[in-house]
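# Analysis of the macromolecular model
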Amino acid sequence: MTRIAKNTICLWYDDAAEEAARFYAETFPASSLDAVHRAPGDYPSGKEGSVLTVEFTVLGVACLGLNGGPVFKHNEAFSFQIATEDQDETDRYWNAIVGNGGQESECGWCKDKWGISWQITPVALTKAYTSPDRAAAKRAFDAMMTMRKIDIAVIEAAFRG
């Protein structure tokens, strides 16, 4: 029996929990596919022996993927926010998610091909818009509002004025 975490994020998939967990484990450091559990009997969206749940870790956060079927869909009310250190890391994660069947959105948000939302957020952006220099913070924020993937150089230039 695997160790049961006290608090786990449970994500609902339509028969793709294992595929998603493998992608996350390959894409992000401190991530892994930890266990695959098969259904001991038939259930509304699957048969005995099919993958029911998948335990995985994304950047150190415990998750459970549940193959619950097509009834519930993901939306932006839940997202993973990934703090990136530089443009290369920002580009790498953004391109991995969008380039693997995902889609771009605004202000550093994107969705993976399973509908999970991700915020690829450079630390430089967070520092800029939370700065006590509110005029500089507004310039950086306004620049961010025009972007899809965050461009750190543009954020820093806007912050400087």
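Residues numbered from 1 in each chain as written. Predicted model: local features only at pLDDT ≥ 70, side-chain atom pairs only at ≥ 80, totals over all residues. Heavy atoms only, no water.

Under an unreviewed UniProt entry, the name given to the protein is VOC family protein, and the organism recorded is Halopseudomonas pelagia.

### Structural notes on the overall build of the protein
Across its full length, the protein holds five helices and eight strands. Along the protein, helices and strands appear, N-terminal first, in the series β-α-β-β-β-β-α-β-β-β-α-α-α. Each of the three principal axes of the protein carries a C-alpha extent, and together these read 60 × 30 × 25 Å. Going through the 161 residues of the protein one by one, you find that 39% of them count as buried. (Helix = DSSP H or I, 4+ residues; strand = E, 2+ residues; numbered from the N terminus. Buried < 20%, exposed > 50% of the residue type's maximum accessible area, 1.4 Å probe, protein only.)

### Things to note about the packing of helix H4 (residues 134-144) against helix H5 (residues 152-160)
One can describe the packing of H4 onto H5 by two numbers: an axis separation of 7 Å at closest approach and a directional angle of 145 degrees. Between H4 and H5 the crossing geometry is right-handed. Counting all contacts with H4, which are made through Ala 136, Ala 137, Arg 139, Ala 140, Ala 143 and Met 144, the residues of H5 involved are Val 154, Ile 155, Ala 158, Phe 159 and Arg 160. Across the contact of H4 with H5, the residue classes break down as nine nonpolar, no polar and two charged. (Axes fitted to C-alpha atoms, helices over the stretch in contact; angles between N-to-C directions. Left-handed = near helix turned anticlockwise from the far one by under 90°. Contact = heavy atoms within 4.5 Å. Nonpolar A, V, L, I, M, F, W, Y, C, P; charged D, E, K, R; others polar.)

### As for the UniProt feature "domain: PhnB-like" (unreviewed entry) in the protein
As annotated by UniProt and renumbered to match this structure, "domain: PhnB-like" (unreviewed entry) occupies residues 6-121. Secondary structure content for residues 6-121 is 21% helix and 37% strand, and the end C-alpha separation is 28 Å. (UniProt positions renumbered as here; feature names shortened; annotations may be inferred.)

### Some words on the layout of surface pockets
Volume-wise, the second largest pocket comes out at about 160 Å³. Contributing to the lining of the second largest pocket are Trp 12, Tyr 13, Asp 14, Ala 16, Gly 69, Pro 70, Phe 72, Lys 73, His 74, Trp 114 and Gly 115. Looking at the lining of the second largest pocket residue by residue, the class counts come to six nonpolar, three polar and two charged. (1 Å grid on protein atoms, 1.4 Å probe; cavity = no way out; pocket = protein on both sides within 12 Å on 5 of 7 lines; lining within 4 Å. Points joined across faces, edges and corners; volume = space filled by probe spheres on them.)

### Digging into the sheet that holds strand S7 (residues 109-111)
Spatially, the four strands line up as an open sheet ordered S5-S8-S7-S6, and their pairing is mixed. What marks the edges here is a single partner per strand, and that holds for strand S5 (79-84) and strand S6 (103-104). In the sheet, S5 pairs with strand S8 (residues 117-122) via six bridges, with the strands oriented parallel. Within the sheet, the bridge partner assigned to Thr 84 lies in S8 and is Pro 122. (Pairing = 2+ DSSP bridges.)

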